[in-house]
Amino acid sequence: MIKDSTDTKAREESKAGKDLHLPVRLRRLRRTPALRGMVRETRLSADQFILPLFVCSGRGIRRAVSSMPGVHQLSPDEVANEARAAFTEGVPAVLLFGLPDVKDEIGSGAYDLNGPLHAAVRAIREAVPDMVVITDVCLCEYTSHGHCGIIAGGDIANDATVEQLVRAAVSHAEAGAHIVAPSDMMDGRVGAIRQALDAEGFDQVAIMSYAAKYCSGFYGPFREAADSAPQFGDRRSHQMDPANAAEALREVEIDIAEGADIVMVKPAMPYLDILWRVKDRFGYPTAAYQVSGEYSMIKAAALNGWIEEDRAMMESLTAIRRAGADMIITYFARDAARLLNRRTAPAR
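Bear in mind that the values here come from a model prediction, so they are computed numbers and not experimental data.

Enquirer: Even after reading the chapter, I still don't get unusual backbone geometry, so can you show me in this structure?
Expert: Negative phi characterises most residues that are not glycine, and trans characterises most peptide bonds. A cis amide bond links lysine 266 to the next residue, proline 267, at an omega of -5 degrees. For proline 267, the location among the structural elements is in the loop between β10 (262-266) and α9 (272-282). Positive phi is not limited to glycine here, since methionine 185 has a value of about 70 degrees. Residue position: methionine 185 is located in the loop between β8 (179-182) and α6 (189-199).

What follows is the structure in C-alpha cells.
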C-alpha cells in the first residue's frame, strides 16, 4: 500500500506536539482541494452571469473605454460577435446600452427603431437565437443634458419621463428584447411599462427592475463608456441615498407589486447587506450589478501588481452570489466563465 506522505507527516507532527484532544477540528475539511470542494457552500457558474455591452452605430467598430480595460464600445455587428463568443463560453445573457449619434432634450433616440441598440438586438437574435437579450431602459444616454428624464423647471419631471420610458421599452420589445430593464428610478415606471407591454401584445417580455439603485460614486467609468454624465447637477433626486436600507425594501416591494419579474440591487459589493435583505425578505429572482467602478478598481490594482486579478475577481463574484444574487451583471462575465470552464474541464 502506498502511504500518503502528507498524512504521515501530519501524524508525526501531531505525536510530537501536545495533543489538545479536540473533538471538532474544522481544518480537517480544508486539507485538500477535493475536500474543500465537497463542502463548498456557494458555487459560481457561467450561467449566473450577464455581460453588459455598449452599442454604437457603424460597422466593425471596437472603441476601447480607457477607464475600463478590456471593455469597448461596439457596433451592432461586433456586439453580435461578442455575444456569440460569450454564449459559447457559457454566458447566457447580455445587457445592452445604446449610444446614439444624436441626442436631444427628450431622449427620443431611446425609442428609435433604427438606432444602434435596436440594431444590436436584432443582430444578436439572428446570430445567437438562444441567448437572452436584455435592454437597459433609461434616457441618460440619449438626452443632451445627460439626465435620466425630462427636465421641467430645473427638476426631472417624473410622469413625463415615465411616458418616454414606456415608449422606449415597447420599442425594445418590438426589436426582439426578451427582457427590458428600467434603470431610471422614476416612481411608477415598472407598472406603466408592464401595462404598455401587455397592451401591445408583449406579455411574455419580462421586466428586470433596477429596484434598489443607489446614488453611488462607483459609476464613474460607466459614464465614460455610455457617454451619459449629467451636464449639470446630479442624480440624488431619484437614485437612492447610500445611507438607507429600509427604503430599498420599500422600493423592491413596490416594483414587485407593479409587475417586475426580476429585481436588482446596484452597485453590488458596497451593498451586499441590501442584497441579503432583499433576497431574505422577498425570495424573488434577484440580480446584482457589479458596476464599472468595482470592475475598474480590480483591474487597476491588478495592472499595478497590487493584487492577483483572477483571485480578486472570483472572490468578489462569490461574495455577491453568497449574499443572495441569483444572477450577476458583470464586465468580468467572459473572464470568469473561461476560468470556471478551465477549472471544471476533465483531466486528459
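Enquirer: Would you mind going over the nonpolar core with me for this structure?
Expert: Most often, soluble globular proteins have nonpolar side chains that are buried together. Core analysis: the largest hydrophobic core is formed by 103 residues, its most contacted members being Phe49, Leu95, Leu96, Met208 and Tyr289. In this structure, methionine 208 is in contact with Ile50, Ile134, Ile179, Val180, Ala181, Pro182, Ile262, Met264, Ala287, Met327 and Ile329, ignoring residues within four places of it in sequence.

Enquirer: Sorry if this is basic, but what is going on with helix α3 (residues 76-88) here?
Expert: Along an α-helix, residues three or four positions apart point the same way, because every turn accommodates 3.6 residues. Between its first and last C-alpha, α3 extends 18 Å over 13 residues, near the 18 Å set by a 1.5 Å rise per residue. Of the positions making up α3, those classed as buried are Pro76, Asp77, Glu78, Val79, Ala80, Glu82, Ala83 and Ala86. In this structure, the buried side of α3 is in contact with β1 (49-55), β2 (62-64), β3 (72-74), β4 (93-98), α4 (116-127) and α12 (333-344). In the stretch just after α3, glycine 90 is the one whose phi turns positive, near 105 degrees.

Enquirer: When you look at the packing of aromatic side chains in this model, what are you seeing that I'm missing?
Expert: Describing an aromatic ring pair means giving the distance of the ring centres and the angle of the ring planes. Throughout the structure, instances matching the rule amount to seven aromatic pairs. Put simply, the rings of Phe54, Phe97, Tyr210, Tyr289, Tyr295, Tyr331 and Phe332 touch in pairs and so form one group of aromatic residues. Over the aromatic face of tyrosine 219 sits the side chain of lysine 266, whose NZ or CZ is 4.9 Å from the ring centroid. Its guanidinium or amino end placed over the ring of tyrosine 289, lysine 266 lies 4.6 Å from that ring's centre, counting from NZ or CZ.

Enquirer: How do you make sense of the packing of α4 against helix α5 (residues 158-175) when you look at a structure like this?
Expert: Describing two packed helices takes the angle between their axes plus the distance from one axis to the other. Put simply, α4 and α5 touch, their axes get as near as 9 Å, and they point 30 degrees apart. Considered as vectors, α4 and α5 are oriented roughly parallel to each other. Note on packing geometry: the crossing formed by α4 with α5 is right-handed. Two secondary-structure elements touch here, α4 through Leu117, His118, Val121 and Arg122 and α5 through Ser171, His172 and Ala175. Its residues assigned to classes, the contact of α4 with α5 comprises three nonpolar, three polar and one charged.

Conventions and cut-offs
Residues numbered from 1 in each chain as written. Predicted model: local features only at pLDDT ≥ 70, side-chain atom pairs only at ≥ 80, totals over all residues. Heavy atoms only, no water. Helix = DSSP H or I, 4+ residues; strand = E, 2+ residues; numbered from the N terminus. Core = buried A, V, L, I, M, F, W, Y, C linked by side-chain atoms within 4.5 Å. Buried < 20%, exposed > 50% of the residue type's maximum accessible area, 1.4 Å probe, protein only. Contact = heavy atoms within 4.5 Å. Expected span 1.5 Å × (residues − 1). Phe/Tyr/Trp six-rings, centres within 6.5 Å; stacked < 30°, edge-to-face > 60°. Lys NZ or Arg CZ within 6 Å of the ring centre and 35° of its normal. Axes fitted to C-alpha atoms, helices over the stretch in contact; angles between N-to-C directions. Parallel < 35°, antiparallel > 145°, perpendicular 65-115°, else oblique. Left-handed = near helix turned anticlockwise from the far one by under 90°. Nonpolar A, V, L, I, M, F, W, Y, C, P; charged D, E, K, R; others polar.

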